[in-house]
Amino acid sequence: MKTLLILFVLMNLDTLLKTGHCIVTQDQVLSITPTTQEQVDILKNVSTQYETVLWQPVSHHYIKEDTQVHLFVPANSSSTVKDLLQRHSITHHVLLANANELIEMQMRNGSTDPRSGSTYYERYHSLGDIYHWINRTAQENPDKVKIILLGSSYEKRPLYALKLTFNDRPNKKAMWIDCGIHAREWISPAFCLWFVQYSLGFYTFNSDITSILDNMDVYVLPVMNPDGYHYTWTSNRMWRKNRSVSNNCIGVDLNRNFDANWCTEGASDQPCSDIYCGAFPESEPESEAVANFLRSHKDTVQLYLTIHSYSQMLLFPYSYTFDEAENHNDLLEMAQEATRKIRRYYQNTYKYGSGAKTIYLAPGGSDDWAYNLGIKYSFTFELQDRGRYGFLLPPSFIPKACNEALIAVKTIALKVIEKTKAPPQTV
Ligand code: 0X9
Ligand code: ZN
């Protein structure tokens, strides 16, 4: 009887939280769709003047009529924000009523021993854990995995990449994958770990990964923004940028800091903005380190992949202009095939296309920069989901999110190998 009573109370509490009709004690995520220009302006105002964090779009500049906005609202500003929306008849509903619970759930088991079995890859991990994992992975696979120190972050944390080499063919080409440019996109570092583990575990057992690793070395940078990532684990789960200090605000958006039409429309020169481009291109040690490495390996690296979330998209250059890349049709075809595979094997839909046309103009991105450097196959992945959980994707979603991205990565890498194969020598 007592158990039933507790169950009843808990069930109703959940409903109350979901509908939002109760005293809010949790941080929430609201989905809001402005339908008039006036509502757009009010929403821009709310997202900049109150203590909220825009999840989608990334900056208030992109808020427009009839397009969903996802807004993270801390418990203490919840009633003010909701009152304001109601007063102006702005349609909204609670997307996540229990953000704090989800955050807590994501951090659980985060610090257990990396040797503790297969579920390691089905959880999110703190930065310390990831460093530990990097060392163990290299130690346990000395013939295949090498640690490369690319540089260090603003707060002097090491930027480690792993180089996967499964054979030493002469003139071997390579691909690059980076994860965790944006601190709050936790599924991204989880993917890098997943990819390395899969490569080590399935080489010789899966023909696709075998042929990829036979033909290419793979550089994997699991966390490009370690300071930001650490900060999301310790202080603010919603942090996006790195942690460099300018006059009055902290952080540069590393994906606006590369030298690709730097700081034009789609980036901000305001240090407090979430899309702040920094003082000059590669002003940040993190982007500079990656750019230096790629510059010195541009003759071997044929494929550049950078992993983000959320919104389920596969993007390619350009994002800084609406102009088409020179091999646009190639890139389009590859993205189409990769997203088709995701739909076929995982029943999930990914949008694809050039960045500027598919989401928004956004200059200074690593993908466009790598492309202009000469890495003609360059893609940005936006992993799961489409907004149900957003950045707070529960750990139980990690396997599917990573496996579907993996099938897309394999499809693209195999295509690159095929397209760049030297023609047979004629005698
Ligand atoms: O705006 C971004 O940096 C990326 N989206 S996110 O929500 N993960 O922040 C998209 C990047 C697309 N590529 C470029 N803008 N170059
Ligand atoms: Zn991102």
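Residues numbered from 1 in each chain as written. Chains lettered and ligands numbered in written order. Predicted model: local features only at pLDDT ≥ 70, side-chain atom pairs only at ≥ 80, totals over all residues. Heavy atoms only, no water.

## A word on the coordination of the zinc ion (ligand 2)
For the record, the criterion: Nitrogen, oxygen and sulfur within 2.8 Å of a metal are treated as its donors, or within 3.2 Å for sodium, potassium and calcium (Na, K, Ca); water is not counted, so a site can appear incomplete. The classification of residues rests on relative accessible area computed with a 1.4 Å probe and restricted to protein chains. Under 20% of the type maximum is buried, over 50% is exposed, and intermediate values are partly exposed.
For the zinc ion (ligand 2), the full set of protein donor atoms is His182 (ND1), Glu185 (OE), Glu185 (OE) and His308 (ND1), at a range of 2.0 to 2.3 Å. Take histidine 308: its relative accessible area is 2%, and that puts it in the buried class.

## What to know about the nonpolar core
As a reminder of what qualifies: Throughout, nonpolar core names a set of buried Ala, Val, Leu, Ile, Met, Phe, Trp, Tyr and Cys residues whose side chains join them through atoms within 4.5 Å. Helix and strand assignments follow DSSP, with helices taken as H or I runs no shorter than four residues and strands as E runs no shorter than two, numbered in order from the N terminus.
Met175, Trp176, Phe191, Phe195, Leu294, Phe379 and Phe381 are the most contacted members of the largest nonpolar core, which has 92 residues in total. Counting residues per element, this core draws most heavily on helix 13 (residues 398-420), which supplies twelve residues. Counting 17 residues, the second largest nonpolar core, distinct from the first, contains Leu30, Leu43, Leu54 and Ile90.

## Quick look at the site of ligand 1
Spelled out, the test is: We call a residue near a molecule or strand as soon as one heavy atom of that residue lies within 4 Å of the molecule or strand. By the criterion applied in these results, polar contacts are pairs of N or O atoms within 3.5 Å in which, for protein atoms, one can donate a hydrogen and the other can accept it, and in which residues neighboring in sequence qualify only through two side-chain atoms. Values of accessible area rely on a 1.4 Å probe in the Shrake-Rupley scheme; residue burial ignores everything except the protein chains shown. Asp, Glu, Lys and Arg are counted as charged, while Ala, Val, Leu, Ile, Met, Phe, Trp, Tyr, Cys and Pro are counted as nonpolar; the rest, among them Gly, fall into the polar class.
Close to ligand 1 lie 15 residues; Arg240, Arg256, Tyr360, Asp367 and Glu382 are nearest. Take histidine 182: an N or O atom from its side chain is 3.4 Å from an oxygen atom of ligand 1. Interatomic distance of 2.6 Å between a side-chain N/O atom of aspartate 367 and a nitrogen atom of ligand 1. When ligand 1 is considered free in solution it has 410 Å² of accessible area, and contact with the protein chains removes 96% of it. Residue composition of the shell around ligand 1, grouped by class: four nonpolar, six polar and five charged.

## Quick notes on the sheet that holds strand 4 (residues 92-96)
Here is the rule: For two strands to pair, DSSP has to find at least two bridges joining them. Note on geometry: axes are lines fitted to C-alpha atoms, helical ones only across the stretch in contact, with angles between N-to-C directions running from 0 to 180 degrees.
Taken together, the four strands give an open sheet; going across it, the order is 2-3-1-4, and neighbouring strands pair in antiparallel fashion. The sheet terminates laterally at strand 2 (53-56) and strand 4, the two strands that pair on one side only. Adjacent strand axes in the sheet meet at a mean angle of 35°, parallel and antiparallel pairs treated alike. Two strands pair when backbone bridges link them, and strand 1 (residues 28-32) and strand 4 are joined in this way by four bridges, in the antiparallel orientation. Within strand 4, the residue paired with leucine 30 across the bridge is valine 94.

## Let's talk about the pairing of strand 10 (residues 313-316)
To be explicit about the condition: Clockwise travel from the first strand over the helix to the second, with the strands pointing away from the viewer, marks a crossover as right-handed.
Of the two faces of strand 10, the one carrying Met313 and Leu315 and the one carrying Leu314 and Phe316 are both buried. Bridging between strand 10 and strand 11 (residues 351-354) involves four bridges; their strand directions are parallel. Opposite leucine 315, over in strand 11, you have glycine 353 as the bridge partner. One crossover worth recording links strand 10 to the parallel strand 11 by way of helix 10 (residues 328-346), and it is right-handed. The pairing of strand 10 with strand 12 (residues 377-383) spans three bridges and is antiparallel. Residue pairing in the sheet places methionine 313 in a bridge with glutamate 382 of strand 12.

## Describing helix 7 (residues 207-215)
Heads up, the condition is: Contacts: residue pairs with any heavy atoms within 4.5 Å of one another.
Every buried residue of helix 7 is listed here: Ile209, Thr210, Ile212, Leu213 and Asp214. Here the buried face of helix 7 lies against strand 7 (173-179), helix 6 (187-202), strand 8 (216-221) and helix 13. Put simply, asparagine 206 is the residue that caps the front of helix 7, since its side-chain oxygen is 3.0 Å from the backbone nitrogen of aspartate 208.

## So, the state of the cysteines
The line we're drawing: Only a pair of cysteine sulfur atoms within 2.5 Å qualifies as a disulfide here.
A full pass over the atoms with the stated rule returns three disulfides. A disulfide bridge connects cysteine 179 with cysteine 192, and the sulfur atoms are separated by 2.1 Å. Residues cysteine 179 and cysteine 192 are joined through a disulfide that is right-handed, its torsion about the S-S bond being 85°. Here cysteine 192 lies in helix 6 and cysteine 179 lies in strand 7, a separation of 13 residues in the sequence. Disulfide partner of cysteine 263: cysteine 277, at an S-S distance of 2.1 Å. Its S-S torsion of about -65° marks the bond between cysteine 263 and cysteine 277 as left-handed, since a negative value means left-handed. Of this pair, cysteine 263 sits in the loop between helix 8 (226-234) and helix 9 (285-296) while cysteine 277 sits in the loop between helix 8 and helix 9, and the two are 14 residues apart along the sequence. Each bonded cysteine in the chain gets a number by its place in the sequence, and the pairs come out as 1-2, 3-5, 4-6. Cysteine cysteine 402 remains unbridged, with the sulfur of cysteine 179 as its closest cysteine sulfur at 8.7 Å.

## Observations regarding the packing of aromatic side chains
Inclusion rule: Only Phe, Tyr and Trp rings take part, Trp by its six-membered ring, and two of them pair if their centres are within 6.5 Å. Stacked means planes under 30 degrees apart, edge-to-face means over 60, and tilted covers everything else. Whether a charge sits over a ring comes down to the Lys NZ or Arg CZ being within 6 Å of the ring centre and within 35 degrees of the ring normal.
Taken as a whole and assessed by the stated rule, the structure comprises 22 aromatic pairs. Between tryptophan 55 and phenylalanine 72, the aromatic rings sit 6.3 Å apart at their centres with planes inclined by 10°, giving stacked as the arrangement. In this pair, tryptophan 55 is assigned in strand 2 and phenylalanine 72 in strand 3 (residues 69-73), connecting sequence segments 17 residues apart. There is no split in this pair, since tryptophan 55 and phenylalanine 72 are both buried. Clustering of aromatic rings is evident, with ring pairs tying together Trp55, Phe72, Tyr310 and Phe391. The cationic tip of lysine 376 hangs over the ring face of tyrosine 371; the distance from NZ or CZ to the ring centre is 4.0 Å. The lysine or arginine in question, arginine 388, covers the ring of tyrosine 389, its NZ or CZ lying 4.5 Å from the ring centre.

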